[in-house]
Amino acid sequence: MTDSAKSTAAPTAASGGKAWGGVFNVPTDKRVEAFSESISFDRRLADDDIDGSIAHSRMLADCGLITAAEADAIRDTLEEIRQEIASDQFTFTAAKEDIHLHIESALTERLGDTGRKLHTARSRNDQVATDLRLYCRRAIDRIDAGLLDLQRAFLDLATREQDLVIPAYTHLRRAQPVLGAHQLLGWCEKFARDRDRLADCRRRTNIMPLGSAALAGTSLPIDREKTRVALGFATTAANSLDAASDRDFVCELSFVLSLTAVHLSQWAEEWIIYSTDEFGFLNLPEAFCTGSSIMPQKINPDVLELVRGKSARTIGNVQQLLVLLKGLPTAYNRDLQEDKEAVFDSIDTLEAMLGVAAPLVAGTAFARDRINASIDRGHLDATTLMEALISEGVPQRTAHETVGKLVRRALNAGCTLADLSDDDCRSDYAGWNASLRNALGASRAVERMVSFGSTAPAQVAEQVAAWRQRLETAET
Ligand code: ARG
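The model shown is predicted, which means the values in this text are computed figures rather than measured ones.

**Digging into the site of the ligand**
Next up, step 1: Around the ligand sit S38, D42, D98, H100, R124, N125, V128, Y332, R334, Q337 and K340, and those are all the residues in its vicinity.
Next up, step 2: Interatomic distance of 2.6 Å between a side-chain N/O atom of K340 and an oxygen atom of the ligand.
Next up, step 3: In the complex, the protein chains occlude 87% of the 350 Å² of accessible area that the ligand would expose alone.
Next up, step 4: It is helix α7 (residues 124-160) that provides the largest number of residues to the shell around the ligand, a total of 3 residues.
Next up, step 5: The residue makeup of the shell around the ligand, split by class, is 2 nonpolar, 4 polar and 5 charged.

**Details of the pattern of salt bridges**
Next up, step 1: Tallied over the full model, the rule gives 42 salt bridges.
Next up, step 2: Between R44 and D348 there is a salt bridge, and its shortest N-O distance comes to 2.8 Å. Remark: D348 occurs in helix α13 (residues 339-362) and R44 occurs in the loop between α3 (39-42) and α4 (46-62); sequence separation between them is 304 residues.
Next up, step 3: Its salt-bridge partner being K96, residue E109 comes within 3.7 Å of it at the nearest N-O pair. With E109 in helix α6 (residues 99-111) and K96 in the loop between α5 (68-86) and α6, this residue pair connects regions lying 13 residues apart in the sequence.

**Describing the packing of aromatic side chains**
Aromatic ring pairs are described here by two measures, namely the spacing of the ring centres and the angle between the planes.
Next up, step 1: Summed over all chains, the structure comprises 13 aromatic pairs.
Next up, step 2: With a centroid separation of 6.0 Å and 75° between ring planes, the pair formed by F154 and W271 is classed as edge-to-face. Remark: W271 occurs in helix α11 (residues 248-274) and F154 occurs in helix α7; sequence separation between them is 117 residues. Exposure class is identical for F154 and W271. Each is buried.
Next up, step 3: On the basis of an interplanar angle of 40° and a centroid distance of 6.5 Å, the ring pair of Y169 and F281 is categorised as tilted. Pair noted here: Y169 is in strand β1 (residues 165-170) and F281 is in the loop between α11 and β5 (282-283), with a separation of 112 residues, a long-range link. No difference in accessibility class separates Y169 from F281, as the two residues are buried.
Next up, step 4: Among the aromatic residues, ring-to-ring pairing joins F154, W187, F191, W267 and W271 into one connected group.

**A closer look at α4**
Next up, step 1: Between its terminal C-alpha atoms α4 stretches 24 Å, which fits the 24 Å expected from 17 residues at 1.5 Å a residue.
Next up, step 2: Of all 17 residues that make up α4, 13 are buried, and the element is covered over most of its length.

**A few points about unusual backbone geometry**
Phi is mostly negative for residues that are not glycine, and the peptide bonds are mostly trans.
Next up, step 1: With a phi close to 60°, A121 is a non-glycine residue in the positive phi region.
Next up, step 2: With respect to the helices and strands, the residue A121 is situated in the loop between α6 and α7.
Next up, step 3: We classify A121 as buried; its relative accessible area is 10%.
Next up, step 4: Phi is positive for A213, close to 55°, though the residue is something other than glycine.
Next up, step 5: You can see A213 is positioned in the loop between β3 (207-208) and α9 (224-231).
Next up, step 6: On the accessibility criterion, A213 (8% relative accessible area) is buried.

**Things to note about the packing of α7 against helix α19 (residues 457-472)**
Next up, step 1: It is at 10 Å that the axes of α7 and α19 come closest, and there the two elements cross at 150°. In this view, α7 runs roughly antiparallel relative to α19, as classed from their interaxial angle. Crossing of α7 against α19: the hand is left-handed. For the pair α7 and α19, contact is made by L148, Q151, R152, L155, D156 and T159 and by V464, W467, R468, L471 and E472, respectively.
Next up, step 2: In the contact of α7 with α19, the residues fall into 5 nonpolar, 2 polar and 4 charged.

**A closer look at the side chain of E33**
Next up, step 1: Considering the arrangement of structural elements, one finds E33 in helix α2 (residues 30-36).
Next up, step 2: Looking at E33, its side chain comes within polar contact range of the side chain of K18, at 2.7 Å.
Next up, step 3: Look past the residues within four positions of E33 in its chain and what remains in contact with it is K18, T28, A94 and A95.

**Examining the nonpolar core**
Next up, step 1: The biggest cluster of nonpolar side chains holds 95 residues, and the ones touching the most others in it are L150, F154, L253, L264, W267 and W271.
Next up, step 2: If sequence neighbours within four positions are ignored, L150 has contacts with F191, L264, L354, A357, A358 and V361.
Next up, step 3: One finds A382, A388, L406 and L417 within the second-largest nonpolar core, a separate group that totals 20 residues.

**A word on the environment of P209**
Next up, step 1: With respect to the helices and strands, P209 occurs in the loop between β3 and α9.
Next up, step 2: With 199 residues separating them in the primary sequence, P209 and R408 have C-alpha atoms 68 Å apart.
Next up, step 3: Excluding anything up to four places from it in sequence, P209 contacts D126, A129, T130, R133, R224, A237 and A243.

Rules used in this analysis
Residues numbered from 1 in each chain as written. Predicted model: local features only at pLDDT ≥ 70, side-chain atom pairs only at ≥ 80, totals over all residues. Heavy atoms only, no water. Near = heavy atom within 4 Å. Polar contact = N/O pair within 3.5 Å; in protein donor to acceptor, adjacent residues only side chain to side chain. Areas by Shrake-Rupley, 256 points an atom, 1.4 Å probe, with all protein chains shown as cover. Helix = DSSP H or I, 4+ residues; strand = E, 2+ residues; numbered from the N terminus. Nonpolar A, V, L, I, M, F, W, Y, C, P; charged D, E, K, R; others polar. Salt bridge = Lys/Arg side-chain N within 4 Å of Asp/Glu carboxyl O. Phe/Tyr/Trp six-rings, centres within 6.5 Å; stacked < 30°, edge-to-face > 60°. Buried < 20%, exposed > 50% of the residue type's maximum accessible area, 1.4 Å probe, protein only. Expected span 1.5 Å × (residues − 1). Axes fitted to C-alpha atoms, helices over the stretch in contact; angles between N-to-C directions. Parallel < 35°, antiparallel > 145°, perpendicular 65-115°, else oblique. Left-handed = near helix turned anticlockwise from the far one by under 90°. Contact = heavy atoms within 4.5 Å. Core = buried A, V, L, I, M, F, W, Y, C linked by side-chain atoms within 4.5 Å.

Here is the structure:
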């Protein structure tokens, strides 16, 4: 090859400076540029794109495909470009389509032929797949840390409310009494499962597609193991066709985030209800409430309502991604460009939700006096009384019916079960004895619990300690 054959050929007029100019006779229509650009949203992959390119160029040098000096120059110039992007000094234009072409063309403008070597043994297909995996991996770690913060806030509140007895509900009707801590630790469990799902999703995200090139791999002697180690991926994708188009990790992450958002929406709804005047169980921190522009007295739970409301878009994003992938033929198709906005939106939404959820929980207190004042309403001790009868040998169905009659008697008299006289009780249950009164009252009902995982004070104390241990030593 002569020197001139090796040197940079100026882009033809028809190519319009495009990376694929050679074969085209006419420039791209401006309307197509506007329609097909992704730079307006994929610029947030800049850091990951640069990390990927630095690792790739170092590997090319190690394999003798470029020189070490060229790899150094590429790295230094990419770091310069990184700084310019971070400080808003970089110019983006739809004509350059996406973040990959922007960064590569900036490199080439500065380094000439050396820059033109970066894309050796690489395609934008494996490049974008790599960038997106790096981006999602970082997002997973940030969201996991946010969930850990939230769990810690719930645990701290549980520790403060460990001895408070509150009513628990099914069908939003008073059911049985529980310890406040038991209720709060229930949220820790849900978010622990979400974190577990995130970790699982991270495992399938942490696989390197780079080196798959367009779809078939490359005839150049690359070393994918070197790139894998440099980028911290756990494994290297074993099938180039699949790797260039696999977006399972995007769907999985979106689903995990949507289920997390659904959990957050359930919590938000519950606390909206608990903080109403009608319930009056919770005092929300004023800094996390907003007012009304017309009704001067209003202190509204808008933050919780938005947590509840924003969960909707994360569910929509999962749907969009699944439909996007449905029926796509093997390897890269441009449809895949549409994967980013959906998953970016779910990531942004979760980070925003978690950013307000943890401090809101930390600033919330239970309204102990109001809860105590109404704890005897709703016959919360009826189930425990039924179990006391069962302990005396009464068959469960009979015990249930007997206590049902006692509750009816109390309802008619407008009193609690404990207010019924021994004579009243004896007329519904001939074996009534004073010791059965030990099952009555919300606190006693809680204290009589014994089963693993129940609201028994000893069980809850163990759970508080176990969570403390688990969350203090947790790694993010
Ligand atoms: N902007 C594209 C995307 O996000 C990058 C890959 C383009 N590849 C191609 N062969 N046109 O998917």
